[in-house]
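Residue-level structural notes
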Amino acid sequence: YVQFPLCNPSRASLLTGLQTHPVGFALFLRFYFVYGLAFTTLAQTCDGQGNLPVSGGSDSYYWHRALCYSFETGKDLTFDTMLNYGPGLYNPRPPLFPWFSLLTGQLLAPLFGDPWLGVLYVFLASTGLFGALTVFPTYALTKEAFGRRAGLVAALLFAISSAHMQRSQATDADHDAFTLFFV
């Protein structure tokens, strides 16, 4: 009778807990400090009324502009007269991030009572969510290259990395963490 150490249910649940705790910790760090500022009162509309609670600088406002255009027209903002003010330019930003926010927000709209409010919540939360989820590929790649223990350490260090947290807090509303997750 041979018992494999990784097949022991208590040890397997311990390993699963260790792998998911960096993600939970990363979610906590990305949402806790901005929740009261951004997610309690959302009054922003596409016509510019209200205050957009973002913390990501001008990129967040431009993503909001592209999101509003797509929400109102059902099309991607490919050419924008606000870029190179006057003659305009083609929008160089990839369309997957605003369309993810639109489609997911529309699916969650019954929970919020308003389609735009659902889209806005998803738009603000998606950066923090995907920033925390990047812990999984970090763990998987490091585990494959250097072993399980190194994968756990890398996942924890990535979860608390100040450089990554700067670009992936919940109200950043930018596509950096979204892109990093899929790369």
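Up top you'll find the structure we're talking about.
Residues numbered from 1 in each chain as written. Predicted model: local features only at pLDDT ≥ 70, side-chain atom pairs only at ≥ 80, totals over all residues. Heavy atoms only, no water.

**Digging into the overall build of the protein**
Quick reminder of the rule: Here a helix means four or more residues in a row that DSSP labels H or I, a strand means two or more in a row labelled E, and each is numbered from the N terminus. It only takes one pair of heavy atoms within 4.5 Å for two residues to be counted as in contact. Surface accessibility in these figures is a Shrake-Rupley result with a 1.4 Å probe; residues are shielded only by whichever protein chains are displayed.
Looking only at helices and strands, one finds nine helices and two strands in the protein. Starting at the N terminus and ending at the C terminus, the protein contains elements arranged as α-α-α-β-β-α-α-α-α-α-α. Relative to all contacts within the protein whose residues are 6 or more apart in sequence, the contacts with residues 24 or more apart total 63%. Surface exposure of the protein reaches about 10600 Å², of which carbon and sulfur atoms provide 66%.

**Let's talk about the packing of aromatic side chains**
For clarity, the threshold we go by: For Phe, Tyr and Trp, where Trp contributes only its six-membered ring, two rings pair if their centres lie within 6.5 Å, and the inter-plane angle classes them as stacked under 30 degrees, edge-to-face over 60, or tilted in between.
This structure, assessed with the given rule, holds 16 aromatic pairs. Among the aromatic side chains, those forming a connected cluster through ring pairs are W63, F97, F100, F123, F130, F178, F181 and F182.

**Comments concerning empty space enclosed by the protein**
Condition: The method works on a 1 Å grid over the protein atoms by themselves. A cavity is a set of points holding a 1.4 Å probe that cannot get out, a pocket is an open set with protein on both sides within 12 Å along at least five of seven lines, and residues with an atom within 4 Å of a point line them. Grid points are joined across faces, edges and corners, and a volume is the space filled by probe spheres set on the points.
Per the counting criterion, the structure on display carries one cavity of 30 Å³ or more. If you go around the largest cavity, the residues you meet are W63, A66, D76, L77, N91, R93, P94, P95 and P98.

**Here's the deal with the nonpolar core**
Taken as a class, soluble globular proteins show a tendency for nonpolar side chains to be buried jointly. Rules: Take the buried residues of types Ala, Val, Leu, Ile, Met, Phe, Trp, Tyr and Cys, join any two whose side-chain atoms come within 4.5 Å, and each joined set is a nonpolar core. Note on classification: 1.4 Å probe, protein chains only; a residue is buried when its accessible area is under 20% of the maximum for its type, exposed when over 50%, partly exposed between these limits.
Within the largest apolar cluster, 16 residues are counted, with the highest numbers of intra-cluster contacts made by L67, W116 and F123. Mapped by element, the contributors of at least two residues to this core are α3 (58-73), α4 (96-112), α5 (115-133) and α9 (176-182). Within the second largest apolar cluster, eight residues are counted, among which are A132, V135, Y139 and A159.

**Some points on the pattern of salt bridges**
Opposite charge on two side chains makes pairing possible when the charged atoms of those side chains draw close. Keep this limit in mind: A side-chain nitrogen of Lys or Arg and a carboxyl oxygen of Asp or Glu constitute a salt bridge if their distance falls within 4 Å.
All chains considered together, the criterion is met by four salt bridges. A salt bridge links D59 to R93; the shortest N-O distance between them is 3.8 Å. In this pair, D59 is assigned in helix α3 and R93 in the loop between β2 (89-90) and α4, connecting sequence segments 34 residues apart. Residue D59 is classed as partly exposed on the basis of its relative accessible area, which comes to 30%. The closest approach of N and O atoms between R167 and D174, which form a salt bridge, is 2.7 Å. Exposure remark for R167: the relative accessible area of 30% places this residue in the partly exposed category. You can call D174 buried: its relative accessible area is 1%.

**Quick look at the side chain of S168**
Quick reminder of the rule: By the criterion applied in these results, polar contacts are pairs of N or O atoms within 3.5 Å in which, for protein atoms, one can donate a hydrogen and the other can accept it, and in which residues neighboring in sequence qualify only through two side-chain atoms.
Within the fold, S168 resides in the loop between α8 (162-166) and α9. A relative accessible area of 0% places S168 in the buried class. At a separation of 2.8 Å, a polar atom in the side chain of S168 contacts the side chain of R30. If sequence neighbours within four positions are ignored, S168 has contacts with R30, T127, G128, G131 and A177.

**Things to note about the packing of α5 against helix α6 (residues 135-146)**
Using the following cut-off: Working convention: axes come from line fits to C-alpha atoms, limited for helices to the stretch in contact. Angles between N-to-C directions cover 0 to 180 degrees. In this scheme, roughly parallel covers angles under 35 degrees and roughly antiparallel covers those over 145, while 65 to 115 is roughly perpendicular and the rest are oblique. Amino acids outside the nonpolar list (Ala, Val, Leu, Ile, Met, Phe, Trp, Tyr, Cys, Pro) and the charged list (Asp, Glu, Lys, Arg) are all regarded as polar, and Gly is one of them.
The interhelical angle for the contact between α5 and α6, taken along N-to-C directions, is 15°, at an axis separation of 4 Å. For the element pair α5 / α6, the angle class is roughly parallel. Contact with α5, carried on its side by G131, A132 and L133, involves V135, F136 and P137 of α6 and no other residues of that element. Grouping the amino acids of the contact of α5 with α6 by side-chain chemistry returns five nonpolar, one polar and no charged.

**Re the environment of P22**
Position of P22 relative to the elements: it lies in helix α1 (residues 9-31). Sequence separation between P22 and L152 is 130 residues; the distance between their C-alpha atoms is 8.2 Å. Sequence-distant contacts of P22, defined by excluding residues within four places in its chain, comprise V135, A155, L156 and A159.

**Focus: the packing of α4 against α5**
Two quantities define a packed helix pair, namely the angle between the helix axes and the distance between the axes. We apply this condition: Crossing chirality is assigned from the near helix's rotation relative to the far helix, an anticlockwise turn below a right angle marking it left-handed and a clockwise turn marking it right-handed.
At a minimum axis distance of 7 Å, the contact between α4 and α5 shows a crossing angle of 125°. Our classification of the angle between α4 and α5 gives oblique. For the element pair α4 and α5, the recorded crossing hand is right-handed. Packed against α4, whose contacting residues are F97, F100, S101, L102, T104, G105, Q106, L108, A109 and F112, the element α5 presents P115, L117, G118, V119, Y121, V122, F123, S126, T127 and F130 at the interface. Among the residues making up the contact of α4 with α5, the classes are represented as 13 nonpolar, seven polar and no charged.

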